[in-house]
Amino acid sequence: LHAHERAPETRGRTIHWARFYDAVTGLLLLGRERAIREMTVELAQVEPGDKVLDVGCGTGSLTILAKTWADPDGEVHGIDAAPEMIDVARRKSAQAEVTVDFQVGLIEDIPFPDDQFDVVLSSLMIHHLPDDLKRQGVAEIYRVLKPGGHLLIVDFEPPTKILPKILATLLLGHYMMQSNVRELPPMMEDAGFTDVEVGMTRYSVLSFVRGRAGEALNVRS
């Protein structure tokens, strides 16, 4: 394990309490996190042989599940800004005997070359970013996607009922209430994504947005 790794500088909010992350997520998602992970990989349309990147992978549960869908010949990577999350994710994948590459990295500076991935997914992370980093992150995702590859983002639907609103604010902070995946399609289209769609998942607390990278290679400066 790489406990000596330092957290990179970012203006996005980074969660360092990795030991408690799964318990808090389980509370927020009312024990449905396994079913939600399955739904997320399904929405992302991960197929055998795909090369997949999970951005903001946290403790790696979704990334490891994506690997089981991408096998036998698929390749799956996960990045997160918090070294503590990456340490937990590496332990999990080792215990599960699943080969996933986890490394510290930022959505606004993804540590991979252009045109690498068939699928990029991101779950419960985008609300941690200010708008300019969301734009930068979406452009970076477009850069690392192969032409025709696709992006899926799943995030919290800001709650309207008072009790869920209080719980979410206590656990995640007020910023989660101000973020909405419905704001992402214009950013994605500006980055070059096509076929952008946004909607609710089968779980009322979560929404999704997805899009496809253009078939032609990006024109880059």
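Treat the numbers as computed from the prediction; the structure is a model and nothing was measured.

The next subject is the packing of aromatic side chains. All told, the structure shown has two aromatic pairs when counted by the stated rule. Between the aromatic rings of Phe 112 and Phe 117, the centroid separation amounts to 5.1 Å while the plane-to-plane angle is 85°, which identifies the pairing as edge-to-face. No difference in accessibility class separates Phe 112 from Phe 117, as the two residues are buried. With centroids separated by 5.0 Å and ring planes inclined at 80°, the aromatic side chains of Tyr 142 and Phe 193 adopt a geometry described as edge-to-face. Separated by 51 residues along the polypeptide, Tyr 142 in helix α5 (residues 131-144) and Phe 193 in the loop between α7 (184-191) and β6 (194-200) bring together distant segments of the chain. The class of Tyr 142 is buried, set by a relative accessible area of 9%. Taking the relative accessible area as the measure of exposure, Phe 193 reaches 3% and is therefore buried.

So, on to the side chain of Asp 80. Here Asp 80 lies in strand β2 (residues 75-80). For Asp 80, which is buried and forms no salt bridge, the nearest opposite charge comes from Lys 92, at a distance of 11 Å. From its side chain, Asp 80 meets the backbone nitrogen of Cys 57 in a polar contact 3.4 Å long. Dropping the residues within four chain positions of it, Asp 80 is found in contact with Gly 56, Cys 57, Gly 58, Met 85, Ile 86, Gln 103, Val 104 and Gly 105.

With that settled, the discussion passes to the pattern of salt bridges. Counted according to the given criterion, the structure contains nine salt bridges. Between Asp 118 and Lys 146 there is a salt bridge, with its nearest N and O atoms 3.4 Å apart. Here Asp 118 is found in strand β4 (residues 117-123), whereas its partner Lys 146 is found in strand β5 (residues 145-156), with 28 residues between them in sequence. The exposure class assigned to Lys 146 is partly exposed, which follows from its relative accessible area of 30%.

Attention shifts here to the environment of Val 98. Position of Val 98 relative to the elements: it lies in the loop between α4 (83-96) and β3 (101-104). Along the sequence, Val 98 and Leu 65 sit 33 residues apart, while their C-alpha atoms lie 9.2 Å from each other. Other than its neighbours up to four places away in sequence, Val 98 contacts Ile 64, Lys 67 and Ser 93.

One can describe the packing of α5 onto α7 by two numbers: an axis separation of 9 Å at closest approach and a directional angle of 45°. Overall, the two elements α5 and α7 adopt an arrangement that is oblique. The interaxial crossing formed by α5 with α7 has right-handed handedness. In this structure, α5 uses Asp 131, Lys 134, Arg 135, Val 138, Ala 139 and Tyr 142 to contact α7, whose residues at the interface are Leu 184, Met 187, Met 188, Asp 190 and Ala 191. Here the residues of the contact of α5 with α7 are counted per class, giving seven nonpolar, no polar and four charged.

Cut-off values and rules
Residues numbered from 1 in each chain as written. Predicted model: local features only at pLDDT ≥ 70, side-chain atom pairs only at ≥ 80, totals over all residues. Heavy atoms only, no water. Phe/Tyr/Trp six-rings, centres within 6.5 Å; stacked < 30°, edge-to-face > 60°. Buried < 20%, exposed > 50% of the residue type's maximum accessible area, 1.4 Å probe, protein only. Helix = DSSP H or I, 4+ residues; strand = E, 2+ residues; numbered from the N terminus. Lys, Arg positive; Asp, Glu negative; His and termini not counted. Salt bridge = Lys/Arg side-chain N within 4 Å of Asp/Glu carboxyl O. Polar contact = N/O pair within 3.5 Å; in protein donor to acceptor, adjacent residues only side chain to side chain. Contact = heavy atoms within 4.5 Å. Axes fitted to C-alpha atoms, helices over the stretch in contact; angles between N-to-C directions. Parallel < 35°, antiparallel > 145°, perpendicular 65-115°, else oblique. Left-handed = near helix turned anticlockwise from the far one by under 90°. Nonpolar A, V, L, I, M, F, W, Y, C, P; charged D, E, K, R; others polar.

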